[in-house]
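This is what each chain is made of:
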Amino acid sequence: MKNSAIDEIGQEKCTGCFGCFNSCNVEAISMEISKEGFYYPLINDGKCVSCGKCNNNCPVIRFKSDNYDEDKIKAYAGYTLDEDIRMESSSGGIFSELANYVLEQYGVVFGAKWNKNIKVNHSKVCNKQDLKELRSSKYVQSNIGNVYKNVLEELDRNKKVLFVGVPCQVAALKTFTQSESLITVDLICHGVPSMKVFESYLESKSRNKKVNSVNFRDKSKGWSKYCTKISFEDGSQYLKITREDPFFHGFICDLYLNSSCYDCKFASIPRSGDITIADFWQIDEELMDERGISLILTNNEKGENIIKELVKNNKIEIFEKTLEDALKGNPRIKNGHLRMRDKREECLRNIEEEGFEEISKKYIVNLKRYVY
Ligand SMILES: Cc1cc2nc3c(=O)[nH]c(=O)nc-3n(C[C@H](O)[C@H](O)[C@H](O)COP(=O)(O)OP(=O)(O)OC[C@H]3O[C@@H](n4cnc5c(N)ncnc54)[C@H](O)[C@@H]3O)c2cc1C
């Protein structure tokens, strides 16, 4: 008799990656949303056959990266040479060029998109027109659904596959396959904020108007002053510099992240993906460009070869940097530890009853960001 993965690690350490959900072939696991607003697996004891599969596909238990260590990783600043893609992307648009590279080889791409109810789901994209939906960072946890299984199916059909996600998701996928035809890209991830807080925030902004779309990384005021843009069905808009937006402020001040994000074993080096992408914050003056600059880490030979091919094919421009320079603006990668706020639990307990505006006044407005 084997304990299930969630029994072994406990809910606090669970990242909500959907690894166990995808591993179970007797449908004994459902993914629920916790009181705090994060995905977690619920085991149906009546169906569970204690086979241990969920243990094998839980990255918290199983994952070990054999990617490069600090001395071998290469770091670059870079951007796509396609102006339109760059402007639609969070940073330098490197994700889209990696995706185009795979689509041009008749492969498929899995990434996160908003659905019409403004929830984030991982989904498959097979052509360049649909890639737009995956662009730009959605600062809420993505529902993976059956995507790891879908990746295996595509690989079985001899397709090339690109999977992009936060590092725990990439680590989960890697417990299923290490196929040469799979390219994995992880994002430097500050952590994921509570879905319950996000929903309450959206309600406070919409006031019963229907929300058509949310973009946390609108570049109309430039990359360094990226905006949160919420578009409503009646044609009106909410536009605010993201760093001045209360939802983002509470997120970046670590007030309502998933409990596992405060001690994340996937945040540091060695990384889970073949390639890591992020914003190149604190880029030197001569490269600073308001259209956005990506930070790129090549974590193994495969990742390095793909980036070099994109350069050779005139898709991207890159500049080699030291790892130290690359990480100045992204201390998250040095260690996965973040300080949990004393008021986190209280805030998450009260969000549904009190609503976002009250929570914002009580816990968010006076917060100062921790310096790590
Ligand atoms: C929750 C979260 C936290 C982040 N924290 C940091 C950080 O601290 N520092 C930093 O420099 N960068 C962070 N990023 C990454 C950064 O915002 C950009 O996604 C990255 O620079 C890629 O930009 P791009 O221009 O190449 O591509 P873009 O076109 O912006 O592509 C975004 C890619 O991210 C994927 N994605 C979007 N939302 C999610 C999600 N919720 N879950 C999983 N995958 C998603 C999409 O599928 C797409 O592949 C974070 C991203 C997320 C989603």
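Residues numbered from 1 in each chain as written. Predicted model: local features only at pLDDT ≥ 70, side-chain atom pairs only at ≥ 80, totals over all residues. Heavy atoms only, no water.

1. Section: the domain arrangement of the chain
Interfaces are often described in size by the accessible area the parts lose on coming together. Here the chain is partitioned into domain 1 (5-62), domain 2 (74-192 + 258-333) and domain 3 (195-256 + 341-364). The distance between the C-alpha centroids of domain 1 and domain 2 comes to 25 Å. If you look at the interface, domain 1 gives 21 residues, while domain 2 gives 21 residues. Taken over both partners, the interface formed by domain 1 and domain 2 buries close to 1,700 Å², and the fraction arising from carbon and sulfur atoms is 55%. (Domains from an automatic or database assignment. Contact = heavy atoms within 4.5 Å. Buried area = accessible area lost by both parts, 1.4 Å probe.)

2. Side note on the confidence of the model for the chain
Confidence in the prediction for the chain averages 97 pLDDT; 100% of positions are at 70 or higher. Summarising per-element confidence for the chain, the mean pLDDT is lowest in helix H12 (residues 323-327) (94) and highest in strand E6 (residues 161-165) (99). (pLDDT = per-residue confidence, 0-100. Helix = DSSP H or I, 4+ residues; strand = E, 2+ residues; numbered from the N terminus.)

3. Remarks on the packing of aromatic side chains
The final tally for this structure, using the stated rule, is 23 aromatic pairs. Summarising the aromatic geometry, the rings of tryptophan 114 and phenylalanine 198 are spaced 5.8 Å apart at their centres and angled 25° between planes, so their arrangement reads as stacked. Placement of the pair is tryptophan 114 in strand E4 (residues 108-114) and phenylalanine 198 in helix H9 (residues 195-206), with a sequence separation of 84 residues. Take tryptophan 114 and phenylalanine 198: they sit in the same class, and that class is buried. (Phe/Tyr/Trp six-rings, centres within 6.5 Å; stacked < 30°, edge-to-face > 60°. Buried < 20%, exposed > 50% of the residue type's maximum accessible area, 1.4 Å probe, protein only.)

4. Re unusual backbone geometry
Here the amide bond leading from isoleucine 269 into proline 270 is cis, since omega sits at 5°, within 30 degrees of zero. With respect to the helices, strands and loops of the structure, proline 270 is situated in the loop between helix H10 (246-252) and strand E11 (275-279). At serine 50, a position not held by glycine, the phi torsion is positive, near 50°. Locating serine 50 in the fold gives a position in the loop between strand E2 (39-43) and helix H3 (53-56). For serine 50, a relative accessible area of 18% translates into the label buried.

5. A closer look at the packing of helix H13 (residues 344-354) against helix H14 (residues 356-364)
Packing of H13 against H14 brings their axes to within 8 Å, and their N-to-C directions diverge by 145°. In this structure, H13 uses Glu346, Cys347, Asn350, Ile351 and Glu354 to contact H14, whose residues at the interface are Phe356, Glu358, Ile359, Lys362 and Tyr363. The class makeup of the residues in the contact of H13 with H14 is five nonpolar, one polar and four charged. (Axes fitted to C-alpha atoms, helices over the stretch in contact; angles between N-to-C directions. Nonpolar A, V, L, I, M, F, W, Y, C, P; charged D, E, K, R; others polar.)

6. Points about the site of the ligand
The full set close to the ligand counts 34 residues, and Ser90, Ser91, Ala112, Ser137 and Lys138 are the nearest of them. Between the ligand and arginine 217, the relevant distance is 3.3 Å, taken from an oxygen atom to a side-chain nitrogen or oxygen of the residue. Protein chains bury 97% of the 900 Å² of accessible surface belonging to the ligand in isolation. Among the elements of the structure, helix H6 (94-103), E4, E6 and E11 are those that each provide at least two residues to the shell around the ligand. No other element matches E11, which puts three residues into the shell around the ligand. Partitioned by chemical class, the residues of the shell around the ligand number 14 nonpolar, 16 polar and four charged. (Near = heavy atom within 4 Å. Polar contact = N/O pair within 3.5 Å; in protein donor to acceptor, adjacent residues only side chain to side chain. Areas by Shrake-Rupley, 256 points an atom, 1.4 Å probe, with all protein chains shown as cover.)

7. Thoughts on the sheet that holds strand E5 (residues 120-125)
The strand order across the open sheet formed by eight strands is E5-E4-E6-E7-E11-E12-E3-E13, and the pairing between neighbours is mixed. Every other strand in the sheet has two partners, leaving E5 and strand E13 (316-321) as the edge strands with one partner each. Mean inter-strand twist for the sheet, computed between neighbouring axes without regard to direction, equals 25°. Pairing analysis gives six bridges linking strand E3 (residues 74-80) to E13, with the strands arranged antiparallel. Opposite threonine 80, over in E13, you have isoleucine 316 as the bridge partner. (Pairing = 2+ DSSP bridges.)

8. Quick look at the pattern of salt bridges
One pass over the full model with this rule turns up 25 salt bridges. When the shortest N-O distance is used, the salt bridge between lysine 362 and glutamate 354 registers 3.0 Å. Glutamate 358 is the partner of lysine 361 in a salt bridge, and the nearest nitrogen-oxygen pair spans 3.6 Å. Taken together, the residues lysine 361 and glutamate 358, both in helix H14 and three residues apart, mark about one turn of the helix. (Salt bridge = Lys/Arg side-chain N within 4 Å of Asp/Glu carboxyl O.)

9. Observations regarding the sheet that holds strand E10 (residues 237-241)
Across the sheet, which stays open at both edges, the three strands sit in the order E8-E9-E10 with antiparallel pairing between neighbours. What marks the edges here is a single partner per strand, and that holds for strand E8 (211-218) and E10. Taking the axes of each pair of neighbouring strands and ignoring which way they run, one obtains an average angle of 10° across the sheet. Its contacts with the sheet put H9 on E8, strand E9 (227-232) and E10, and the angle it makes with E9 is roughly 60°.

10. Section: helix H8 (residues 167-174)
Counting buried positions along H8 gives eight out of eight residues, so the element sits mostly inside the fold. Residues of H8 that are buried: Pro167, Cys168, Gln169, Val170, Ala171, Ala172, Leu173 and Lys174. Residues of H8 that are buried make contact with helix H2 (19-23), helix H4 (59-62), E5, helix H7 (147-156), E6 and strand E7 (182-187).

11. A word on the environment of lysine 64
Looking at the element boundaries, lysine 64 is found in the loop between H4 and E3. Note: C-alpha distance between lysine 64 and lysine 265 (201 residues apart in sequence) is 10.0 Å.

12. Quick notes on the pairing of strand E1 (residues 29-33)
As paired strands, E1 and E2 are joined by five bridges and run antiparallel to one another. Each bridged residue has a counterpart across the sheet, and for isoleucine 29 the counterpart in E2 is isoleucine 43.

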